[in-house]
Amino acid sequence: MKESECIDPTSDAQRYERMLQVALEEAKAGRIEGGIPIGAAIFRKSGELLSRGHNRRVQHGDPSIHGETDAFRRAGRQTSYRDLIMVTTLAPCWYCSGLVRQFRIATLVVGESRTFAGGIDWLRENGVEVIDLDNSECRELIEGYIAQHPEIWNEDIGEI
């Protein structure tokens, strides 16, 4: 799916699963590049894809390029972010949770949070609608990476 394409407005659950597929494509692309497989996408409430991105910390040697920040930067400057939906394969870390809160993105769709819960409780407490899809493909992708590269994962989440 390319930017400016739309997701058909079906049931919310189906719609969010389709949106998640875009973020999963990004996560897989990051993994192929040798990076941490976390992908994200930003949609308008209408279902229009605004941007997509993935974690590029390893590839670019830049600790600030998380999946969510990559998609956010690629979305470009917006007058308002309140009508946007951020979709990510893994619950956002505190850094990315802060981005969601700072720019008042109203809806966050999370592929899974069992592996890492990040700041989703804090986001909920601060009025962000968080939808956790508990997607097994997202979980298996990140858990496989963590098993192979625990040192990079621990660096990514600030545990080293």
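Residues numbered from 1 in each chain as written. Predicted model: local features only at pLDDT ≥ 70, side-chain atom pairs only at ≥ 80, totals over all residues. Heavy atoms only, no water.

## Some thoughts on the overall build of the chain
Then comes step 1: When helices and strands are counted, the chain shows seven helices and five strands.
Then comes step 2: Walking the chain from its N terminus toward its C terminus, one meets helices and strands in the order α-β-β-α-α-β-α-β-α-β-α-α.
Then comes step 3: Seen through its principal axes, the chain has C-alpha atoms that stretch 40 × 30 × 30 Å.
Then comes step 4: Looking at the 160 residues of the chain, the share that counts as buried comes to 50%.
Then comes step 5: For the chain, the share of sequence-separated contacts (at least 6 apart) that also reach a separation of at least 24 residues comes to 57%.
Then comes step 6: A distance of 6 Å separates the average location of the 19 positive side-chain charges in the chain from that of its 26 negative side-chain charges. (Helix = DSSP H or I, 4+ residues; strand = E, 2+ residues; numbered from the N terminus. Buried < 20%, exposed > 50% of the residue type's maximum accessible area, 1.4 Å probe, protein only. Contact = heavy atoms within 4.5 Å. Lys, Arg positive; Asp, Glu negative; His and termini not counted. Charge placed at Lys NZ, Arg CZ, Asp CG, Glu CD.)

## Considering the packing of helix H3 (residues 67-75) against helix H4 (residues 94-102)
Then comes step 1: Interhelical geometry of H3 versus H4 gives an angle of 35° and a closest axis separation of 9 Å. Each of Glu68, Thr69, Phe72 and Arg73 in H3 lies in contact with H4, whose residues at this interface are Tyr95, Cys96 and Leu99.
Then comes step 2: Taken together, the residues that form the contact of H3 with H4 break down as four nonpolar, one polar and two charged. (Axes fitted to C-alpha atoms, helices over the stretch in contact; angles between N-to-C directions. Nonpolar A, V, L, I, M, F, W, Y, C, P; charged D, E, K, R; others polar.)

In short, geometric facts, not functional conclusions.
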